[in-house]
Amino acid sequence: MRAFDVDIWLERLRRFWSQGLNALGAELARGERERRERRENTAGPPSPGRQPPTKNEENT
């Protein structure tokens, strides 16, 4: 196989995989961003035991 033939073959592979791998990278980044946002929006770990009563529970 000549160097020119290898270059053509490699270019076909690059074109074939580029779009899919770029999309995968974008999805991985999106998932990581969403996980980070969820962690940042969480007020803290849930407290153990029973939750405080709601207004309806207090009146019964």
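Read on for a plain summary of the structure. (Residues numbered from 1 in each chain as written. Predicted model: local features only at pLDDT ≥ 70, side-chain atom pairs only at ≥ 80, totals over all residues. Heavy atoms only, no water.)

## Remarks on the overall build of the protein
Then, in step 1: What the protein contains, in helices and strands, is two helices and zero strands.
Then, in step 2: Sorting the 60 residues of the protein into buried and exposed places 2% on the buried side.
Then, in step 3: Carbon and sulfur atoms form 56% of the exposed surface of the protein, whose accessible area is close to 6000 Å². (Helix = DSSP H or I, 4+ residues; strand = E, 2+ residues; numbered from the N terminus. Buried < 20%, exposed > 50% of the residue type's maximum accessible area, 1.4 Å probe, protein only. Areas by Shrake-Rupley, 256 points an atom, 1.4 Å probe, with all protein chains shown as cover.)

## Points about the packing of aromatic side chains
Then, in step 1: All chains considered together, the criterion is met by one aromatic pair.
Then, in step 2: Where Phe16 meets Trp17, the ring centres are 5.1 Å apart and the plane angle is 85 degrees; that geometry is what we call edge-to-face.
Then, in step 3: Assessed through its relative accessible area of 60%, Phe16 is described here as exposed.
Then, in step 4: Residue class for Trp17 comes out partly exposed when judged on its relative accessible area of 47%. (Phe/Tyr/Trp six-rings, centres within 6.5 Å; stacked < 30°, edge-to-face > 60°.)

## Re helix α1 (residues 3–41)
Then, in step 1: Between its first and last C-alpha, α1 extends 54 Å over 39 residues, near the 57 Å set by a 1.5 Å rise per residue.
Then, in step 2: Taken as a whole, α1 carries its principal kink of about 35 degrees at Ser18. (Expected span 1.5 Å × (residues − 1). Bend = angle between axes of the 7 residues up to and from the residue.)

## Some thoughts on the pattern of salt bridges
Then, in step 1: Applying the stated criterion across every chain, the model contains six salt bridges.
Then, in step 2: Residues Asp5 and Arg2 are paired through a salt bridge, measuring 3.7 Å at the closest nitrogen-oxygen approach.
Then, in step 3: In this structure Asp5 comes out as partly exposed when scored by relative accessible area, which is 27%.
Then, in step 4: For Arg2, a relative accessible area of 57% translates into the label exposed. (Salt bridge = Lys/Arg side-chain N within 4 Å of Asp/Glu carboxyl O.)

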